[in-house]
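# Analysis of the macromolecular model
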Amino acid sequence: MLFFLHLYDKLPLPFFLSNAMQTLQNELIAKFSAHFGREPEIVSYAPGRIEVLGNHTDYNEGYVLSAAINYGTFFAVSKRADNEVHLLAGDLMEEVAFDVRQPIAEKESMWANYVKGCLAGLSSVKAPQFGFDAAFLGNIPLGSGLSSSAALETCATLAIARLFDITLPKLEIAKIGQKAEHTFAGVKCGLLDQVSSIYGEENALVLSDFRSFDIKPIAFPEDVCFLMCNTHAKHALVDGAYNERRESCEIAARFFATVLDHPVSALRDVSWNEWLRFRDSMDDRIARRAAHPIGEDTRVLEGIDCLRSGDAASFGKLMFDSHESSRVYFENSCPELDTVVNAAKSIPGILGARLSGGGFGGSAVVLVNKRDAETAAEAIRNAYAHQYGSPCDTRIISCSQGAHLVKA
Ligand code: GLA
């Protein structure tokens, strides 16, 4: 354990930031300095994520392939002499102030709850001895399903931990963000978003086993990349649909525990054949919900084999299958996402597409040959505009380095 504590503390600061990221970081430091009248002592960065295969498997103790993306959030902080926290949202230029010893979730300025939740998590490791001034600024489109909230939690936890002289392994940092979602935002999410944000590596996917917490990079073919297609359709995570899906999976796991002759503590323990054998003995809705994470676990394992053999075409097919399972069984897709995925099926150069993350809106992730990325993105925008009057937002995504301190 101690080994990990020290290892993380000594990770090198990155030498290179893209121009866009450098500009964003400079903008945050300028806003911090203008607002608080001094330079920040510590600055951290955390990226958003795309989920590539393994949908709603994390809280079912299953497998996920994901990646940290080239969009993220910077967090700047400096110690104060009193016990106050002054927190500035750099995009809104709105400030929230509270006592460092009492971070309490509020209905106004809900964005502050994510940081308060992380502060509460860190305070349970070590009681704060002083307050701080902090500001954050990011470029992840909000509500796009690219985990802007996990990025904020992760960069806030990294920076505040450094300010308070708390050293934590990566997984514990991810868990602090997850707990903030549960208790300060009311979403019973798994650990995927925070894990992807902090474990991301350049040109690699993150393969996570959410039972053993074995989390490792897996090389990604060089001639393909991802497109993120943001539909701007409403993301309903905080509206209870996500929590309802999670409950249905737990009900299904409890059912399988009573009928199977091996231990079942989560849907991870149920095979596709077992699902087929018992689906008619179950409530139909619960059976369909369970089918999705069970099938997704198999697809992730098949996907790893495809990546190892460099077979991007078969990997893409698994992504299409994953979306179909979302649409039919889990019912966490929506017409806007289906439009993107259906269009993707007939556009040259595209190998696969699926929704990414919680679902119910947000973004689809598309796997495309690098040389076709621009034309394929244009074709998706046109198909979307044909259906909805205006195009979806498309961006080329590169698998990027995970969260880190940029000034410490
Ligand atoms: C959201 C949650 C994650 C995960 C995905 C679906 O992004 O925050 O924990 O459950 O949905 O795979």
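Structure first, text after, so check above.
Described below are features of the structure shown in this document.

Here is what the cut-offs are and how they apply
- By convention here, each chain's residues receive numbers from 1 onward along its written sequence.
- Per-residue local features are limited, in this predicted model, to residues with pLDDT of at least 70; the limit for side-chain atom pairs, both in listing and counting, is 80 or more; totals at the level of whole chains, interfaces and linings are taken over all residues.
- Side-chain figures throughout are based on the complete set of non-hydrogen atoms in the structure, without hydrogens or water.
- Buried Ala, Val, Leu, Ile, Met, Phe, Trp, Tyr and Cys residues form a nonpolar core when they are joined through side-chain atoms within 4.5 Å.
- Exposure classes here rest on a 1.4 Å probe applied to the protein chains alone. A residue is buried below 20% of its type maximum, exposed above 50%, and partly exposed in between.
- Secondary structure elements follow DSSP: runs of H or I of four or more residues count as helices, runs of E of two or more count as strands, with numbering from the N terminus.
- Here, residues are in contact when the closest pair of their heavy atoms is within 4.5 Å.
- One bridge is not enough; two strands pair if DSSP finds at least two bridges between them.
- Under this scheme, a helix contributes an axis fitted over its contacting stretch, all axes are lines through C-alpha atoms, and angles between N-to-C directions fall in the 0 to 180 degree range.
- Here a residue is near a molecule or strand as soon as one of its heavy atoms is found within 4 Å of it.
- Polar contacts, as counted here, are pairs of nitrogen or oxygen atoms within 3.5 Å of one another; within protein the pair requires one atom able to donate a hydrogen and one able to accept it, and residues that are adjacent in sequence qualify only if both atoms are side-chain atoms.
- All accessible areas in this document rest on Shrake-Rupley with a 1.4 Å probe, and a residue is counted as covered only by the protein chains that are shown.
- The method works on a 1 Å grid over the protein atoms by themselves. A cavity is a set of points holding a 1.4 Å probe that cannot get out, a pocket is an open set with protein on both sides within 12 Å along at least five of seven lines, and residues with an atom within 4 Å of a point line them.
- Assignment of a molecule to a cavity or pocket requires that more than half of its atoms lie within 2 Å of the corresponding grid points.
- In this count, Pro and Cys sit with the nonpolar residues alongside Ala, Val, Leu, Ile, Met, Phe, Trp and Tyr, while Asp, Glu, Lys and Arg are called charged and the others, Gly among them, polar.
- Oblique is the label for any angle not under 35 degrees, not over 145, and not in the 65 to 115 range, which are roughly parallel, roughly antiparallel and roughly perpendicular in turn.
- It is the rotation of the near helix from the far one that decides the hand of a crossing: anticlockwise by less than a right angle makes it left-handed, clockwise makes it right-handed.
- The term salt bridge refers to a side-chain nitrogen of Lys or Arg lying within 4 Å of a carboxyl oxygen of Asp or Glu.
- Grid points are joined across faces, edges and corners, and a volume is the space filled by probe spheres set on the points.

### Brief notes about the nonpolar core
One finds Leu65, Phe75, Phe132, Leu205, Phe226 and Phe315 to be the most contacted residues of the largest nonpolar core, which totals 79 residues. Looking at this core element by element, the count peaks at nine residues for helix α4 (residues 148–163). Leaving out residues up to four positions away in the same chain, Leu205 has contacts with Val52, Leu65, Ser66, Ala67, Lys216, Pro217, Ile218, Phe220, Phe226, Leu307, Phe315 and Cys399. One finds Cys225, Ile350, Ala376 and Ala377 within the second-largest nonpolar core, a separate group that totals 24 residues.

### A closer look at the sheet that holds strand β8 (residues 224–230)
If you walk across this open sheet you meet the four strands as β9-β10-β8-β11, and the pairing is antiparallel. Two strands lie at the open edges of the sheet, namely β9 (350–355) and β11 (393–397), each paired on one side alone. The sheet shows a mean angle of 20 degrees between the axes of neighbouring strands, taken without regard to direction. Pairing analysis gives five bridges linking β9 to strand β10 (residues 363–369), with the strands arranged antiparallel.

### Points about the site of the ligand
Looking at the ligand, there are 13 residues lining it, with Glu51, His56, Asp58, Asp193 and Tyr242 nearest. Here an oxygen atom of the ligand and a backbone polar atom of His56 are 2.7 Å apart. With respect to the ligand, the side chain of Asp193 contributes an N or O atom lying 2.5 Å from an oxygen atom. In isolation the ligand has 310 Å² of accessible area, and contact with the protein removes 98% of it. More than half of the atoms belonging to the ligand lie within 2 Å of the grid points that define the largest pocket. Listed by contribution, the elements that provide at least two residues to the shell around the ligand are β1 (42–53) and α6 (192–199). Of the residues contributing to the shell around the ligand, the split by class is four nonpolar, five polar and four charged.

### Examining the packing of α4 against α6
Running from N to C, α4 and α6 point in directions that differ by 55 degrees, and their axes come no closer than 9 Å. Viewed along their axes, α4 and α6 adopt a mutual orientation that is oblique. Crossing geometry of α4 relative to α6 is assigned as right-handed. Residues Ala150, Ala151, Glu153 and Thr154 of α4 form the contact with α6, whose own contacting residues are Asp193, Gln194, Ser197 and Ile198. Looking at the contact of α4 with α6, its residues break down into three nonpolar, three polar and two charged.

### Quick notes on the pattern of salt bridges
Pairs may arise between side chains of opposite charge once their charged atoms sit close together. In the structure shown here, the tally under the stated rule is 26 salt bridges. Measuring nitrogen to oxygen at the nearest pair gives 4.0 Å for the salt bridge that ties Glu172 to Lys175. With a gap of three residues between them, Glu172 and Lys175 both fall in helix α5 (residues 170–185), about one helical turn apart. A salt bridge links Arg288 to Glu331; its shortest N-O distance comes to 3.0 Å. One end of the pair, Arg288, is in helix α9 (residues 284–308); the other, Glu331, is in the loop between α10 (312–330) and α11 (335–344), and 43 residues separate them in sequence.

### Quick word on the layout of surface pockets
As a volume, the largest pocket reaches approximately 960 Å³. Tyr114, Leu142, Gly143, Ser148 and Ser149 are the residues nearest the centre of the largest pocket, which is lined by 45 residues in total. Of all elements in the fold, only β1, β2 (63–79), α3 (111–123), β5 (132–138), α4, α5 and α6 reach the threshold of two or more residues within the lining of the largest pocket. Looking at side-chain class alone, the lining of the largest pocket contains 22 nonpolar, 17 polar and six charged residues.

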